[in-house]
Amino acid sequence: VTKPLRPIELLATLEAHHVRYVVIGGLAAVLHGSPTVTGDADICPDSSTENLTRLADALRELHARIRVAGELDGFEFAYDAAFLSRMKMVNLTTDFGDFDLSFAPAGFSGYDELVEHAVEVPIGSTSVNVASLADVIRSKEVANRPKDHATLPMLYALQDEIAKRDES
Amino acid sequence: LGTKQSAVSNWERGIDVPRVDTLARILDACGFEADLTFRRHDDVDRSQIAGALSQSPEDRLETVARVTELVGLARQGDAA
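Let me sum up the structure you'll find in this document. What you see is a predicted model; the values in this text were computed from it and never measured.

### A few points about the interface of chain B and chain A
You'll often see interface size given as the accessible area lost when the parts meet.
Here's step 1: The partner chain A presents 31 residues to the 21 residues of chain B that form the contact.
Here's step 2: Interface of chain B and chain A: buried area, both sides summed, is about 2,200 Å²; carbon and sulfur atoms make up 73% of it.
Here's step 3: Seen at the junction of chain B and chain A, the total is two salt bridges.
Here's step 4: Here E161(A) ties to R46(B) by a salt bridge, and the two come within 2.7 Å at their closest N and O atoms.
Here's step 5: At the junction of chain B and chain A, the tally comes to five residue pairs in polar contact (both at pLDDT 80 or more).

Structure follows, in structure tokens:
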């Protein structure tokens, strides 16, 4: 059975291991104020070897396994930078729910491009880098999947509401 | 305004509406100006957005956690 998503604990584990990343996708939208609900956490990690080593340590602590449809427990993989460096996208199941790593999300080359416009969002005693709402929207427009079509009207409306609040 | 009384009467009775340029003249005469904003058409319930924006980011994440837990419990119930 898939564990419920516990994003605060998940992100806290990444922070504890000093992983550099940008929160993307549905969770980023939620952090910007979207009332939509997401079933997994997506991040775009910095792909430097040092950072991938820190990320691998965090994944070990999270008991991460490769998520595969029909395989409830998922598959083991090597918790090391070498494995992660060969990946473009990894879907994982962890102690704190489903967790996806995307090294080049749709519309972007990777961490360096996303972090440029990312915003720091305070969560508890720490803060995390979250892709800008404009970048979240752009990625979903480029991905162009049915689930993106379903979410985009809400994100456009959110962008509009935030702009109105900023003006007033 | 340079408008006939009968036209004004029609606006007042809801039979007709002023053209955009006429509306601009009416507003100008009253000391206002029109500010038109184009927005994508959507059927989004913006009160939900207002509710989410009033929460802290941490509270938004707590909401996600609670909802996904409920969804998981519901799925377990369906499978049983």
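From this point, things continue past the structure.
### What to know about the side chain of D148(A)
Here's step 1: Mapped onto the elements of the fold, D148(A) is located in helix α7 (residues 146-167).
Here's step 2: Beyond its immediate chain neighbours, meaning those up to four positions away, D148(A) contacts K140(A) and A143(A).

### A few points about the nonpolar core
Residues and elements named next belong to chain A.
Here's step 1: Judged by nonpolar contacts, the single largest core of 59 residues is most densely connected at L14, V23, L59, L84, L92, F99 and L101.
Here's step 2: Among the elements that line this core, the one with the most residues is α7, at six residues.
Here's step 3: Excluding residues within four positions of it along the chain, V23 makes contact with L11, A28, L31, D42, I43, V128, N129, V130 and A131.

### Some points on helix α3 (residues 49-61) of chain A
Residues and elements named next belong to chain A.
Here's step 1: With 13 residues, α3 should reach 18 Å at 1.5 Å per residue; the first-to-last C-alpha distance of 19 Å fits that figure.
Here's step 2: Against α1 (7-16), β2 (40-45), α4 (81-85), β5 (89-94) and β6 (97-102) lie the buried residues of α3.
Here's step 3: Within two residues after α3, H63 carries a phi angle of roughly 50 degrees, on the positive side.

### A short note on the packing of helix α6 (residues 133-143) of chain A against α7(A)
Residue and element names in this part refer to chain A.
Here's step 1: Interaxial distance between α6 and α7 falls to 10 Å at its minimum, and their mutual angle equals 155 degrees. Classified by the angle between their axes, α6 and α7 sit roughly antiparallel to one another. Considering only the axes of α6 and α7, their crossing is left-handed. Contacts between α6 and α7 involve L133, A134, V136, I137, K140, E141 and A143 from the first element and D148, T151, L152, L155, Y156, L158, Q159 and I162 from the second.
Here's step 2: For the contact of α6 with α7, the residue count by class is 10 nonpolar, two polar and three charged.

### So, the packing of aromatic side chains
Residues and elements named next belong to chain A.
Here's step 1: This structure, assessed with the given rule, holds two aromatic pairs over all chains.
Here's step 2: Between F77 and Y79, the ring centres sit 4.9 Å apart and the planes meet at 65 degrees, which makes this aromatic pair edge-to-face.
Here's step 3: We classify F77 as buried; its relative accessible area is 11%.
Here's step 4: Y79 sits in the partly exposed class, given a relative accessible area of 25%.
Here's step 5: For the ring pair F77 and F83, a centre distance of 5.1 Å and an interplane angle of 35 degrees mean the geometry is tilted. In this pair, the class of F77 matches that of F83, namely buried.
Here's step 6: Chaining the aromatic ring pairs together yields one cluster made of F77, Y79 and F83.
Here's step 7: Against the face of F108 rests R138, its NZ or CZ located 4.3 Å from the ring centre.

Cut-offs used in this document
- Within any chain, residue numbers begin from 1 and follow the written order of that chain's sequence.
- By the order in which they are written, chains take letters starting at A while ligands take numbers starting at 1.
- Where totals are concerned, whole chains, interfaces and linings use all residues; where local detail is concerned, this predicted model gives features only for residues with pLDDT of at least 70, and gives and counts side-chain atom pairs only at 80 or more.
- Heavy atoms throughout the structure, all of them, feed into the side-chain values; hydrogens and water do not.
- Throughout, a residue-residue contact means that at least one pair of heavy atoms, one from each residue, lies within 4.5 Å.
- When two components associate, each loses some accessible surface as probed by a 1.4 Å sphere; the sum of these losses over both components is called the buried area.
- When a carboxyl oxygen of Asp or Glu lies within 4 Å of a side-chain nitrogen of Lys or Arg, that pair is called a salt bridge.
- Any pair of N or O atoms that falls within 3.5 Å is considered a polar contact. Within protein, one atom must be able to donate a hydrogen and the other to accept it, and sequence-neighbouring residues count only if both atoms are side-chain atoms.
- Helix and strand definitions here come from DSSP, where helices need a minimum of 4 consecutive H or I residues and strands a minimum of 2 consecutive E residues; each element is numbered from the N-terminal end.
- Side-chain atoms within 4.5 Å link the members of a nonpolar core, which is a set of buried Ala, Val, Leu, Ile, Met, Phe, Trp, Tyr and Cys residues.
- With a 1.4 Å probe rolled over the protein chains alone, any residue whose accessible area is under 20% of its type maximum counts as buried; one over 50% counts as exposed, and the rest are partly exposed.
- Any helix carries an expected span of 1.5 Å times its number of residues minus one.
- Angular values range over 0 to 180 degrees, each being the angle between N-to-C directions of two axes fitted as lines to C-alpha atoms, with helices fitted over their stretch in contact.
- The cut-offs work like this: below 35 degrees is roughly parallel, past 145 is roughly antiparallel, 65 to 115 is roughly perpendicular, and the gaps in between are oblique.
- Put simply, a crossing is left-handed when the front helix is turned counterclockwise from the back one by less than a right angle, and right-handed when it is turned clockwise.
- Each residue gets one of three labels, nonpolar for Ala, Val, Leu, Ile, Met, Phe, Trp, Tyr, Cys and Pro, charged for Asp, Glu, Lys and Arg, and polar for the others, Gly among them.
- Any Phe, Tyr or Trp ring, taking Trp's six-membered ring, that has another such ring centre within 6.5 Å forms a pair; planes under 30 degrees apart are called stacked, those over 60 apart edge-to-face, and the others tilted.
- The criterion for a charge sitting over a ring is simple: Lys NZ or Arg CZ within 6 Å of the ring centre, and within 35 degrees of the ring normal.

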